[in-house]
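# Fold and contact review
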Amino acid sequence: MDSSKDTDNSLAMPEEAFAYLEMPKSGWGLGETFKDKFIRKTKENPLVPIGLVATISALSYGLWQMKTGDRVMSQKMMRMRVYAQSFTVFALIGGILYQAKKRPATAASDK
């Protein structure tokens, strides 16, 4: 067999094919720490951490009530947990949609 056929790069894509993709201005590989990213994401969508705290609180208190034997309060807290989770999911989706609408406007103004 001819060894030149084994090293054929016909499937390789040229870099120009991805020139339209922007390099992120921030991210894990660009000097942004976990704390910096957490603060940035919280500022972008502040309702998600509120929903997370509500979910964890309802779950913790509900489990505690289950352990102590108060079935009625435990059941109420488990329902509250579901509501808090729903709030968190809708806040996350809302934040994503808001950021998606906001980004094209800022990208157009940068050019």
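Because the structure is predicted, anything quoted here is derived from the model rather than measured.

## Regarding the confidence of the model for the protein chain
- Averaged over every residue, the pLDDT of the protein chain is 81; the share at 70 or more is 73%.
- When the elements of the protein chain are averaged for pLDDT, helix α1 (residues 3-6) gives the smallest value, 52, and helix α3 (residues 47-68) the largest, 94.

## Section: a nonpolar patch on the surface
- There is a patch of nonpolar side chains on the surface, built from Val89, Phe90, Ile93 and Leu97 and spanning about 420 Å² of accessible area.
- For Val89, the position within the fold is in helix α4 (residues 71-110).

## Here we look at α3
- Its 22 residues give α3 an end-to-end C-alpha distance of 32 Å, which sits within 8% of 32 Å, the value for a rise of 1.5 Å per residue.
- Regarding α3, the residues found buried are Val48, Gly51, Thr55, Ala58, Gly62 and Gln65. Take α3 and look down its axis: the buried residues cluster within an arc of 130 degrees, on one side only. Exposed residues pointing more than 90 degrees away from the buried face of α3 are listed as Ile50, Val53, Ile56 and Lys67.
- Backbone geometry just downstream of α3 places Gly69 in the positive-phi region, at approximately 100 degrees.

## Remarks on the pattern of salt bridges
- Tallying each qualifying case throughout the model produces one salt bridge.
- Between Glu44 and Arg40 there is a salt bridge, with its nearest N and O atoms 3.3 Å apart. Of this pair, Glu44 and Arg40 both sit in helix α2 (residues 34-44), four residues apart, which is roughly one turn of the helix.
- The class for Arg40 is partly exposed, based on a relative accessible area of 24%.

## Quick word on the side chain of Ser74
- As for its position among the elements, Ser74 is in helix α4.
- Accessibility expressed as a relative area gives 5% for Ser74, which makes it buried.

## Focus on the environment of Thr33
- Within the element layout of this structure, Thr33 appears in the loop between α1 and α2.
- Polar contacts involving the side chain of Thr33 include one to the side chain of Asp36, which spans 3.1 Å.

Criteria and cut-off values
Residues numbered from 1 in each chain as written. Predicted model: local features only at pLDDT ≥ 70, side-chain atom pairs only at ≥ 80, totals over all residues. Heavy atoms only, no water. pLDDT = per-residue confidence, 0-100. Helix = DSSP H or I, 4+ residues; strand = E, 2+ residues; numbered from the N terminus. Patch = residues over 30% accessible without salt bridge, like charges linked within 9 Å, V, L, I, M, F, W, Y side chains within 5 Å. Areas by Shrake-Rupley, 256 points an atom, 1.4 Å probe, with all protein chains shown as cover. Salt bridge = Lys/Arg side-chain N within 4 Å of Asp/Glu carboxyl O. Expected span 1.5 Å × (residues − 1). Buried < 20%, exposed > 50% of the residue type's maximum accessible area, 1.4 Å probe, protein only. Arc of directions from axis to C-beta. Polar contact = N/O pair within 3.5 Å; in protein donor to acceptor, adjacent residues only side chain to side chain.

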